[in-house]
Amino acid sequence: MRTNGILRVIARFLIPLIMLFGLYIQFHGEYSPGGGFQAGVVFAAAWILFALIYGLDAALAVISQRAQFVLACLGALLYAFVGLLGVMLGGRFLDFRPLLESPQAAQQAGIIAVEFGVGVTVAACSMLFFTFFARRKREIDAVEAGGAD
Amino acid sequence: MVIEFLIDIALLMFLVTVAIAIVRVRDLFSAAMLFAIYSLLSAGLFAILDAGDVALTEAAVGAGISTILFLAVLALTSREEHPAPGTNRLALAVVTVTGACLIYAAGDLPDFGAADNPAQLHVAPYYTEQTYSDMGIPNMVAAVLAGYRSIDTMGEVFVILTAGLAVVALLSVPPRRRRRKPEPGEPEDNT
C-alpha cells in the first residue's frame, strides 16, 4: 500500500494527530473522558496505521518487538511500583496519600502515574497483538511456498 | 428531550438491524465491518447516556482495534463462513425460552435512572459527593477507576498483560504445512 499516494498522504497527516489525541486523553483523563485504557489503544492505532501503510518492518523499526515486550511489562510494573511506594512511605498498598504533602495533589499524582502505566501496557499489548497476527500471515505464506517447491 | 428520544430510537433500531445482519451474513469480511458499525452505534448510545468514558472506550476498542485484529485474523483464514447444516430446533427453543424469561424478568428491574436504584444507594453517593474534595478532579470515572478502585484496575492491567503474553505464546509456535507432514527442522522465525 506504500505506492498509493492518497493513502500515504492521508496517513502522514493523520498519524501525528492520532498520537496527539492519544496523549491528550492520556494526560487529560482527570478532566474529560479518557484515561490509560483508551489512550493506549488510540496510540497503538496510530502505530498500526503506520504498519498498514508502510509495512510491518518499517513499523517495527520504529518500535521494535523487544521494546513492545519491555514496555508492556514496564507499564504494569510502574502501576505496582506506585502502589508499593505508598507502602514504603507509610500508607497502604495503592494508597496515594503519603506520596505528597497535599492529599489532593498526592491523589492526582498517583492517578496520573498509574494511568500512565495502564496506557503504556495497553498500547504495547495492542501493538504486540497486531505484530504477531501480521507476522503469522507471513510465516504461513513462507511455509506454504516452501511446500509448493 | 424529544430529540434525544428520537436519536435513541433510531440508534437502537440500527443496532437491531446490524445485529441481525451480522447473524445472517456469510462473508466474514462484511461481518467484521458490521461488528465495527455495531460498536460505533453502541458508542453513540453511551454518548447519549452521558457516559463519555465508556463511549470513548467502545469507539477505540470495539470499533478500532478489534476490527483491525479481526481483519488480521481474516488474512489467515478463509473469507466465507461454512454454511450451517440445517436448523437446530433444540437450540432455537432454548434461546427463545431464555429470551422470554429475560424479557419477563426485565419488568422487575428498577426504573432507569431512578434515585432509589440499588446501584445509586451503596457507595455511589459517597463517590458523587466526595470525589472533588478528596481528589480535586472533576472526572469521577477516572477518580473511581484509578483512585478509589485502583487495585481492581491493577488487576485489569495484569489481565491485559497476561492476554498479550498468551497471544505471543500461541503464535510463537511455527506454523505447520497444511495437508502435509510437518518437517522437524522447520526454520523458526525470530521470536
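Conventions we followed
- Residues numbered from 1 in each chain as written.
- Chains lettered and ligands numbered in written order.
- Predicted model: local features only at pLDDT ≥ 70, side-chain atom pairs only at ≥ 80, totals over all residues.
- Helix = DSSP H or I, 4+ residues; strand = E, 2+ residues; numbered from the N terminus.
- Rg over C-alpha atoms; globule rule 2.2 N^0.38 Å.
- Buried ≥ 20, exposed ≤ 12 C-beta atoms within 10 Å, placed from the backbone.
- Contact = placed C-beta atoms within 7 Å.
- Domains from an automatic or database assignment.
- Core = buried A, V, L, I, M, F, W, Y, C linked by C-beta atoms within 7 Å.
- Axes fitted to C-alpha atoms, helices over the stretch in contact; angles between N-to-C directions.
- Parallel < 35°, antiparallel > 145°, perpendicular 65-115°, else oblique.
- Left-handed = near helix turned anticlockwise from the far one by under 90°.
- Nonpolar A, V, L, I, M, F, W, Y, C, P; charged D, E, K, R; others polar.

### Describing the overall build of chain B
Inference 1: What chain B contains, in helices and strands, is eight helices and zero strands.
Inference 2: In chain B, the succession of α and β elements from N to C terminus is α-α-α-α-α-α-α-α.
Inference 3: Taken over the C-alpha trace, chain B has a radius of gyration of 23 Å; the compact-globule value for 191 residues is 16 Å, which it surpasses by more than 25%.
Inference 4: Dimensions of chain B, computed from the C-alpha atoms along their principal axes, are close to 65 × 45 × 30 Å.
Inference 5: Within chain B, the fraction of its 191 residues that count as buried is 18%.
Inference 6: Of all intrachain contacts in chain B linking residues separated by at least 6 positions in sequence, the fraction that spans at least 24 positions is 39%.

### Topic: the domain arrangement of chain B
Inference 1: Structurally, chain B comprises domain 1 (1-83) and domain 2 (113-174).
Inference 2: The centre of domain 1 of chain B, based on its C-alpha atoms, is set 24 Å off from the matching centre of domain 2 of chain B.

### Some thoughts on the nonpolar core
Considering soluble globular proteins, one finds that nonpolar side chains tend to be buried as a cluster.
Inference 1: Ranked by size, the top nonpolar core spans 56 residues in total, and within it V41(A), V42(A), A44(A), A45(A), W47(A), C125(A) and F130(A) carry the most contacts.
Inference 2: Within the residue set of this core, elements represented by two or more residues are α1 (5-27), α2 (36-54), α4 (65-88) and α5 (103-148) of chain A together with α3 (52-74), α7 (140-148) and α8 (150-171) of chain B.
Inference 3: It is α5(A) that contributes the most residues to this core, 17 residues altogether.
Inference 4: Counting the residues that make up this core, at least three belong to each of domain 1 (1-83) and domain 2 (113-174) of chain B.
Inference 5: Among residues more than four places away in sequence, those in contact with F130(A) are I48(A), A51(A), I68(B), L69(B) and A72(B).

### Focus: the environment of T128(B)
All names here are of chain B.
Inference 1: Here T128 is to be found in helix α6 (residues 124-135).
Inference 2: Residue T128 is classed as exposed on the basis of its 11 C-beta neighbours within 10 Å.
Inference 3: Separated by 37 residues in sequence, T128 and A91 place their C-alpha atoms 44 Å apart.

### Focus on the packing of α1(A) against α2(A)
How two helices pack is summed up by the angle between their axes together with the distance between the axes.
All names here are of chain A.
Inference 1: The N-to-C vectors of α1 and α2 enclose an angle of 165 degrees; their axes lie 8 Å apart at closest approach. The orientation of α1 relative to α2 falls into the category roughly antiparallel. In this structure, α1 crosses over α2, and the sense of that crossing is left-handed. Within the contact between the two elements, α1 uses L7, R8, A11, L14, I15, I18, M19, F21, G22, I25 and Q26 and α2 uses G36, Q38, A39, V42, F43, A45, A46, L49, F50 and I53.
Inference 2: Across the contact of α1 with α2, the residue classes tally to 16 nonpolar, four polar and one charged.

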